[in-house]
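# A look at the structure
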Protein chains: 2
Amino acid sequence: MIVATFNANSIRSRIGIILDWLAEQKPDVLCVQETKVQDVDFPVEAFGDCGYEFVFRGQKKYNGVALFSRYPIEDVEFGLDSEPADEPRMITAFVNDVAIVNTYVPQGTSPDSERFQYKLDWFKRLHRYFESHFSPDEAVLWMGDLNVAMDERDVHNAKTVWGSVCYCQESIDAISDVVEWGFEDMFRKFSDEGGQYTFWDYRVRNGVERNAGWRLDYVMATAAMSAKCRRCWVDKEPRMKERPSDHTFLLAEFDD
Amino acid sequence: MIVATFNANSIRSRIGIILDWLAEQKPDVLCVQETKVQDVDFPVEAFGDCGYEFVFRGQKKYNGVALFSRYPIEDVEFGLDSEPADEPRMITAFVNDVAIVNTYVPQGTSPDSERFQYKLDWFKRLHRYFESHFSPDEAVLWMGDLNVAMDERDVHNAKTVWGSVCYCQESIDAISDVVEWGFEDMFRKFSDEGGQYTFWDYRVRNGVERNAGWRLDYVMATAAMSAKCRRCWVDKEPRMKERPSDHTFLLAEFDD
DNA sequence: GGGGGCTATG
DNA sequence: CATAGCCCCC
């Protein structure tokens with residue numbers, strides 16, 4: 001089984017990229033974040049013939065998640081079940097008896113903002129979600145844009161960006177707390193490399209060329225799944241150049 | 001001498017079309033309307049190597065006119081000289097001793113609006129402009145988007161659109177009053193045909209395919225110029241399909 | 001329906 | 001820098 005994750009930054013602007021990429025890579029599961037479209041406007045017809053089932057939950061302009069699968073998508077749940085009411089940032093479903101938890105973690109805006117506290121709380125709520133819905137010995141994949149670079153290998157210029165909402169002690173502690181519930185980072189399972197990024201800020205000049213990026217997207221696996229994982233890699237898709245996105249695809253392959 | 005007119009509906013969006021078209025058709029003069037760009041943002045560099053001189057006057061979002069010529073552009077004047085202050089809708093200049101008056105006549109929005117009265121007044125002011133600046137026995141070409149269909153041959157469905165701002169008695173009277181100062185419609189000099197349109201409303205479904213258009217663009221000539229006119233024709237440029245515009249090119253050829 | 005412009009967001 | 005969404009206009 002091959003699973004993948006991609007922050008689309010508007011799924012309507014990436015229909016071509018996603019369709020081409022699914023046709024080429026043929027992953028079994030694709031988690032999409034930042035669809036930026038309310039459900040009534042989701043491009044259902046565009047994805048009608050691609051050979052994938054899909055579920056989605058979104059709003060106008062911000063957030064929004066989707067899950068594509070070549071196999072039946074079962075027991076779908078949307079969002080966190082704790083207070084306050086969640087934004088459309090999460091889909092939980094089972095594919096071939098593997099739990100897929102696709103999350104778009106809040107970015108946090110700035111360290112002194114309410115949104116940053118919301119981010120830290122969101123990780124806590126997610127931790128409680130895993131505690132109440134799953135056991136670490138089950139087959140669970142937590143995937144998506146987790147909006148944290150966990151160490152200096154995951155950011156371009158660690159010293160200068162230290163303290164920003166996606167690379168600071170509080171965010172690292174918050175995500176680590178969830179990881180410690182029972183996850184392992186599949187990319188790090190196979191590589192100690194730095195510079196393997198999945199996000200490049202549009203506002204950074206020539207960021208892609210200079211590889212001034214961030215590793216913010218993850219495939220996290222419980223022990224049972226980690227044991228089956230054969231590889232996990234970034235696909236810096238060349239077609240992104242046509243209509244460049246700010247994120248790229250991350251994939252992981254598991255034995256059946 | 002070949003002259004041409006084209007409502008660009010944003011000259012920045014039609015740079016490719018205009019450059020290609022100039023290179024192919026090689027008119028001596030091209031009048032452009034609806035450039036939709038203020039002078040500081042006019043794409044001067046894009047047109048730098050095309051072999052044409054050009055002058056322009058525009059504003060941010062609406063209106064704007066430009067004049068391209070293979071021969072020197074002399075005695076340039078912008079706009080009407082009567083009150084109230086004119087929008088950037090007109091360039092007068094001489095090319096090879098022929099006066100070229102490039103106008104983008106106000107569309108008029110709706111028959112009950114102030115903009116419609118502004119349109120009717122604009123024709124009156126233009127009439128006075130011709131009276132005070134020229135004599136009907138001079139070589140004058142009044143060209144551009146005149147925003148009036150003068151009879152039933154000039155609109156797709158005359159009975160249903162009668163009464164709209166571009167095809168109603170008041171607009172026809174207003175433009176006729178200017179024509180009667182001393183102009184002749186070069187297209188009608190050579191053809192009684194209907195259905196030879198220069199504009200197709202984007203909002204009309206499959207308007208181009210169904211030829212549900214309007215003839216709103218004209219080359220009007222004084223007697224001295226009319227005597228030299230050999231032909232006047234619409235160029236429904238095939239390349240428009242790439243990034244379709246809502247107007248097309250109208251050309252006229254004159255003996256030297 | 002397709003231009004531009006403006007604003008907010010990341 | 002590149003999204004969305006809203007506005008105005010034709």
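Residues numbered from 1 in each chain as written. Chains lettered and ligands numbered in written order. Predicted model: local features only at pLDDT ≥ 70, side-chain atom pairs only at ≥ 80, totals over all residues. Heavy atoms only, no water.

## Digging into the overall build of chain A
Of the regular secondary structure elements, chain A holds 6 helices and 12 strands. What you see for chain A is a C-alpha radius of gyration of 17 Å, in line with the 18 Å of a compact globule of 256 residues. With the C-alpha coordinates of chain A rotated into their principal frame, the extents come out at 45 × 45 × 35 Å. The burial tally for chain A puts 56% of its 256 residues in the buried class. For chain A, the proportion of contacts with a sequence separation of at least 24, taken over those separated by at least 6, is 70%. Accessible area for chain A stands at about 11400 Å²; split by element, carbon and sulfur atoms hold 47% of it. In chain A, 29 side chains carry a positive charge and 45 a negative one; their mean positions are 7 Å apart. (Helix = DSSP H or I, 4+ residues; strand = E, 2+ residues; numbered from the N terminus. Rg over C-alpha atoms; globule rule 2.2 N^0.38 Å. Buried < 20%, exposed > 50% of the residue type's maximum accessible area, 1.4 Å probe, protein only. Contact = heavy atoms within 4.5 Å. Areas by Shrake-Rupley, 256 points an atom, 1.4 Å probe, with all protein chains shown as cover. Lys, Arg positive; Asp, Glu negative; His and termini not counted. Charge placed at Lys NZ, Arg CZ, Asp CG, Glu CD.)

## Concerning the packing of helix H2 (residues 114–133) of chain B against helix H4 (residues 169–182) of chain B
A pair of packed helices can be characterised by two numbers: the angle between their axes and the separation between those axes. Residues and elements named next belong to chain B. Following both chains from N to C, one finds H2 and H4 inclined at 5°, their axes separated by 9 Å at the closest point. In terms of orientation, H2 and H4 fall into the roughly parallel class. Of H4, the residues touching H2 (which contributes Phe116, Lys119, Leu120, Phe123, Leu126, His127, Phe130 and Glu131) are Glu170, Ser171, Ala174, Ile175, Asp177, Val178 and Trp181. Class assignment for the residues of the contact of H2 with H4 results in 9 nonpolar, 2 polar and 4 charged. (Axes fitted to C-alpha atoms, helices over the stretch in contact; angles between N-to-C directions. Parallel < 35°, antiparallel > 145°, perpendicular 65-115°, else oblique. Nonpolar A, V, L, I, M, F, W, Y, C, P; charged D, E, K, R; others polar.)

## A few points about the side chain of Glu34 of chain B
Residues and elements named next belong to chain B. Within the secondary structure, Glu34 is located in the loop between strand E2 (29–33) and strand E3 (53–57). Although Glu34 lies buried, it forms no salt bridge, and the closest oppositely charged side chain, Lys36, sits 4.2 Å away as judged by the N-O distance. A polar contact of 3.3 Å, which involves the side chain of Glu34, links it to the side chain of Tyr104. (Salt bridge = Lys/Arg side-chain N within 4 Å of Asp/Glu carboxyl O. Polar contact = N/O pair within 3.5 Å; in protein donor to acceptor, adjacent residues only side chain to side chain.)

## Side note on the pattern of salt bridges
Residue and element names in this part refer to chain A. Within the structure shown, the criterion is met by 24 salt bridges over all chains. Residues Arg89 and Glu87 are paired through a salt bridge, measuring 2.6 Å at the closest nitrogen-oxygen approach. The partner of Asp154 in a salt bridge is Arg215, and the shortest N-O contact between them spans 2.9 Å. Highlighted residues: Asp154 in the loop between strand E8 (140–145) and helix H3 (158–161) and Arg215 in the loop between helix H5 (186–190) and strand E10 (217–221), separated in sequence by 61 residues. Each member of the pair, Asp154 as well as Arg215, is classed as buried. If you follow the salt bridges from partner to partner, you end up with Asp154, Asp185, Arg188 and Arg215 in one network.

## Regarding the protein's contact with DNA strand C
In the vicinity of DNA strand C, 16 residues are found, and the nearest of them are Tyr62 of chain A together with Ser10, Arg12, Ser13 and Lys61 of chain B. Of everything in DNA strand C that lies within 4 Å of the protein, sugar and phosphate atoms constitute 60%. Residue Ser13 of chain B places a side-chain N or O atom 2.8 Å away from a phosphate oxygen belonging to DNA strand C. Taking Tyr202 of chain B, its main chain carries an N or O atom lying 3.1 Å from a sugar or linking oxygen of DNA strand C. For the surface near DNA strand C, a count of residues per class yields 4 nonpolar, 3 polar and 9 charged. (Near = heavy atom within 4 Å.)

## Some thoughts on the protein's contact with DNA strand D
Every one of the 17 residues lining DNA strand D counts as a neighbour, but Ser10, Arg12, Arg14 and Tyr202 of chain A together with Thr109 of chain B are closest to it. Expressed as a percentage, the sugar and phosphate content of the atoms of DNA strand D within 4 Å of the protein is 77%. Between DNA strand D and Tyr62 of chain B there is a distance of 3.5 Å, counted from a sugar or linking oxygen to a side-chain nitrogen or oxygen.

## A closer look at the sheet that holds E10 of chain A
All names here are of chain A. Reading across the sheet, the 6 strands line up as E5-E6-E7-E8-E10-E9 and stay open at both edges, with mixed pairing between neighbours. Because the sheet does not close on itself, it has two edges, and the strands there are strand E5 (73–78) and strand E9 (184–185). Bridging between strand E7 (residues 98–104) and E8 involves 6 bridges; their strand directions are parallel. Bridge pairing in E8 links Val101 to Trp142. (Pairing = 2+ DSSP bridges.)

## With respect to the sheet that holds strand E2 (residues 29–33) of chain A
Residues and elements named next belong to chain A. Ordered in space as E3-E4-E2-E1-E12-E11, the 6 strands form an open sheet in which the pairing is mixed. In this open sheet, the two strands that pair with only one neighbour each are strand E3 (53–57) and strand E11 (229–235). Each adjacent strand pair in this sheet contributes to an overall mean axis angle of 15°, direction not counted. Packing against the sheet, helix H1 (residues 15–25) makes contact with strand E1 (2–7), E2, strand E4 (65–69), E11 and strand E12 (249–254), and its axis sits at approximately 25° to E12.

## Section: the pairing of E7 of chain A
All names here are of chain A. Of all the 7 residues making up E7, 7 are buried; the element is thus mostly covered by neighbouring parts of the structure. What you see with E7 is no split at all: Val98, Ile100, Asn102 and Tyr104 on one side and Ala99, Val101 and Thr103 on the other are buried throughout. Pairing of strand E6 (residues 90–95) with E7, which is carried by 6 bridges, proceeds in the antiparallel orientation. For Thr92, the partnering residue across the bridge sits in E7 and is Val101. Tracing the backbone out of E7, into helix H2 (residues 114–133) and back to the parallel element E8 gives a crossover that is right-handed. (Right-handed = clockwise from strand over helix to strand, strands pointing away.)

## Some points on the side chain of His247 of chain B
All names here are of chain B. Counting through the fold element by element, His247 comes out in the loop between strand E11 (229–235) and strand E12 (249–254). A polar contact is formed between the side chain of His247 and the side chain of Asn7, at a distance of 3.5 Å. Among the polar contacts listed, one links the side chain of His247 to the side chain of Asp217, at a separation of 3.1 Å. Those residues in contact with His247 that lie beyond four places of it in its chain are Phe6, Asn7, Asp145, Thr198, Phe199, Asp217 and Met240.

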